Amino acid sequence: MRRIGVVAALAAAGLALAACSSGNSGSSGSSGTGTKASQVEVFTWWAAGSEKLALDAMVGVFNKQHPEVKFINGAVAGGAGSAAKDLLQTRLQAKNPPDTFQAHAGKEIADYIAAGQLQDVSNLYDEFGLRNAFPAELLKLLTVDGKIYSVPSDIHRANMVWANPAVLTAAGLDPKATYPKLADWFTALDKVKASGKTALSIATTWTQVQLLENVLLSDLGSDKYIGLWDGKTAWTGSDVGAALADYGKLLSYTNTDRDGLDWPDATQQLIDGKAAFNVMGDWAVAAFTEQKKTAGKDYTYFPMPGTVGVFDFLADSFTLPVGAPHADGAKAWLQTIGSAAGQEAFNKIKGSIPARKDANPKAFSEYQQTAIKSFGQDTIVPSLAHGAATPIAVLTAISDAVSKFGTGSSNAATFQTELAAAVK
Ligand code: GAL
């Protein structure tokens, strides 16, 4: 049974700006928005490396579909939007929005909707024939009061472990082994550590938050994990305490330079044979592919120990902000985002799977085919680090607690108290 744990039971401030139905390039008169279709500023955090290559692929399709609209790249570097989201907030509050911006399905986009910062784009779903293009559960995460506020571009899985088989073999481990539980994995991590390599590579705070969500999911199981976000699982419980102890233990296997790195650096340590394992969303597969690494030979992958049968879900989507200076340019971009051609070109490179239901799995890599299958049959749970599970303010408070714990400014008990306070 598939299940999306975060469903849009989202109280939203009534936002009734109707986006006008218009041609791809014709002028429209959406309330308060500009009408020039000459350009579109697209705000993302896909600024470099494999993420930029994926964005470039989408832009390639966009240029074919809408040659009359100039693409302006508003990307702000920093994995998971670590810098972009703050800047976006500043711009939105100054009423200086980009024409369209990247937002995660679930609680993150609900924040923008509740703040009255997004236009309803339901009419574009009719105009572009998208009503049945996406999984209903995904659309629910973009919908408030029957109005849909963005077009999804991709679906990523956040509970994957990536491994370097040569490093594992050198440490005396079977590179094909998988680990049912964290306890089994610790034994392997000890062996790698003893071999002198970094057992688990990691980077700055947001990647640590993502590791934490993986540990909570592994130790608590999907029901209790979902309960952490809907109030049914107490953050103060001993089961959460035990998970936090496991998280602390995992951190002890990681590279000490972690706080100065972003995700591509941590993945690179694995590619370069300096580290054995890396827990990362499946955008990692895009980095391997960019460097011509072969699955099964240069790298392997498996779901986080204890999370087989669970798909830790996130999806990127694109919006039409209130007051977008080039609303028609944004609509043209949303059309490309929702199109089969745009989704195939982009997701092939991004490592994600298309949000559209009609994609042909055969067009995608070996890893992506496993993700398509998992998404179709696994229990779906919302990612913490990538906006599905909590509002932005909660994620910020959790990130602060994670950073304090990781830098030794708090102990396990304080960490647990701070997490509990963050989610309240
Ligand atoms: C996520 C985003 C992904 C990927 C990742 C790393 O938040 O949804 O598409 O970009 O950050 O930057």
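Structural data are supplied above this passage.
How each quantity is defined
- Residues numbered from 1 in each chain as written.
- Predicted model: local features only at pLDDT ≥ 70, side-chain atom pairs only at ≥ 80, totals over all residues.
- Heavy atoms only, no water.
- Helix = DSSP H or I, 4+ residues; strand = E, 2+ residues; numbered from the N terminus.
- Buried < 20%, exposed > 50% of the residue type's maximum accessible area, 1.4 Å probe, protein only.
- Contact = heavy atoms within 4.5 Å.
- Areas by Shrake-Rupley, 256 points an atom, 1.4 Å probe, with all protein chains shown as cover.
- 1 Å grid on protein atoms, 1.4 Å probe; cavity = no way out; pocket = protein on both sides within 12 Å on 5 of 7 lines; lining within 4 Å.
- Points joined across faces, edges and corners; volume = space filled by probe spheres on them.
- Near = heavy atom within 4 Å.
- Polar contact = N/O pair within 3.5 Å; in protein donor to acceptor, adjacent residues only side chain to side chain.
- Sits in = over half its atoms within 2 Å of the grid points.
- Nonpolar A, V, L, I, M, F, W, Y, C, P; charged D, E, K, R; others polar.
- Core = buried A, V, L, I, M, F, W, Y, C linked by side-chain atoms within 4.5 Å.
- Pairing = 2+ DSSP bridges.
- Axes fitted to C-alpha atoms, helices over the stretch in contact; angles between N-to-C directions.
- Parallel < 35°, antiparallel > 145°, perpendicular 65-115°, else oblique.
- Left-handed = near helix turned anticlockwise from the far one by under 90°.
- Expected span 1.5 Å × (residues − 1).
- Bend = angle between axes of the 7 residues up to and from the residue.
- Salt bridge = Lys/Arg side-chain N within 4 Å of Asp/Glu carboxyl O.

Student: What is the right way to read the overall build of the protein from this model?
Tutor: Within the protein, the regular secondary structure consists of 16 helices and 13 strands. Across the 424 residues in the protein, those meeting the buried criterion constitute 58%. Long-range contacts, defined as pairs at least 24 residues apart, comprise 80% of the intrachain contacts of the protein with a sequence gap of at least 6. As presented, the protein carries roughly 15,400 Å² of accessible surface, and 54% of it is formed by carbon and sulfur atoms.

Student: What should I look at first to understand the layout of surface pockets in this one?
Tutor: Gaps left between atoms show up when a probe the size of a water molecule is rolled over them. Empty space within the largest pocket amounts to approximately 370 Å³. Along the walls of the largest pocket sit 15 residues, with Gly81, Ser82, Leu395, Thr396 and Ser399 positioned nearest its centre. For the lining of the largest pocket, the secondary-structure elements that each account for two or more residues are helix H2 (84-93), helix H8 (205-230) and helix H15 (392-406). Element by element, the count of residues in the lining of the largest pocket is highest for H15, at four residues.

Student: How do you make sense of the site of the ligand when you look at a structure like this?
Tutor: Not every one of the 14 residues close to the ligand is listed here, only the nearest: Glu51, His104, Asp316, Lys350 and His386. The side chain of Lys350 places a nitrogen or oxygen atom 2.7 Å from an oxygen atom of the ligand. Coverage of the ligand by the protein amounts to 100% of the 300 Å² it exposes when considered alone. Assessed atom by atom at 2 Å from the grid points, the ligand resides in the largest cavity. In terms of residue class, the shell around the ligand is made up of seven nonpolar, four polar and three charged.

Student: What is the right way to look at the nonpolar core in this model?
Tutor: If you look at the biggest cluster of nonpolar residues, it comprises 76 residues, and the most contacted ones within it are Tyr125, Ile155, Trp162, Phe313 and Trp333. Looking at which element gives the most residues to this core, the answer is helix H12 (residues 327-338), with six residues. Core analysis: the next-biggest nonpolar cluster, separate from the first, contains 55 residues, Trp235, Leu251, Val381 and Ile398 among them.

Student: How do you make sense of the sheet that holds strand S9 (residues 275-280) when you look at a structure like this?
Tutor: Pairing between the strands of a sheet is mediated by backbone hydrogen bonds and can be parallel or antiparallel. Read from one edge to the other, the open sheet built from four strands follows the order S8-S9-S7-S10, with strand pairing classed as mixed. The outermost strands of the open sheet, each flanked by one partner alone, are strand S8 (198-201) and strand S10 (300-303). Each neighbouring strand pair of the sheet contributes to a mean axis angle of 20 degrees, computed without reference to strand direction. Sheet topology note: the strand S7 (residues 160-163)/S9 ladder contains four bridges and is antiparallel. For Trp162, the partnering residue across the bridge sits in S9 and is Asn278. Each of S7, S8, S9 and S10 touches helix H7 (residues 182-194); the most contacted strand, S8, lies at about 120 degrees to it.

Student: Before we go on, may I ask you to explain the pairing of strand S3 (residues 100-104) in this structure?
Tutor: The two faces of the sheet receive side chains in turn, since in a regular strand these alternate between them. Within S3, five of the five residues are buried, leaving the element largely enclosed by the surrounding structure. By the alternation rule, side chains of S3 split into Thr100, Gln102 and His104 and Phe101 and Ala103, which are all buried. Here two bridges tie strand S1 (residues 39-43) to S3, and the two strands are oriented parallel to one another. Residue Phe43 lies in a different strand from S3, and its bridge partner there is Phe101.

Student: I keep staring at the packing of helix H1 (residues 49-65) against helix H13 (residues 340-350) and nothing clicks. Help me out?
Tutor: Axis angle and axis distance: for two packed helices, these are the angle between their axes and the distance between the axes, and together they describe the pair. It is the contact of H1 with H13, at a shortest axis distance of 8 Å, that shows an interaxial angle of 165 degrees. Relative to H13, H1 is oriented roughly antiparallel. The crossing of H1 and H13 is right-handed. The segment H1 lies against H13, with Ser50, Glu51, Leu53, Ala54, Leu55, Ala57, Met58, Val61 and Gln65 engaging Ala341, Gly342, Ala345, Phe346, Ile349 and Lys350. For the contact of H1 with H13, the residue count by class is 10 nonpolar, three polar and two charged.

Student: What should I look at first to understand H8 in this one?
Tutor: The periodicity of an α-helix, 3.6 residues per turn, causes residues three or four positions apart to be oriented the same way. For H8, spanning 26 residues, the distance from its first C-alpha to its last is only 24 Å, which falls clearly below the expected 38 Å at 1.5 Å a residue. The principal kink in H8, of about 120 degrees, is found at Gly221. Burial runs high along H8: 21 of the 26 residues are buried. Immediately beyond the C-terminal end of H8, within one or two residues, lies Gly231, with a positive phi of roughly 85 degrees.

Student: Help me understand the pattern of salt bridges, please; the structure alone is not making it clear to me.
Tutor: Where charged atoms of side chains with opposite charge meet at close range, the side chains can pair. Under the definition given, this model contains 13 salt bridges. Lys224 serves as the salt-bridge partner of Asp239, at 2.7 Å between the closest nitrogen and oxygen. Residue Asp239 is located in helix H9 (residues 238-251), and its partner Lys224 is located in helix H8; the two are separated by 15 residues in the primary sequence. Judged by its relative accessible area of 38%, Lys224 falls in the partly exposed class. For Asp230, the salt bridge goes to Lys232, with nearest N and O atoms at 3.7 Å. Judged by its relative accessible area of 41%, Asp230 falls in the partly exposed class.

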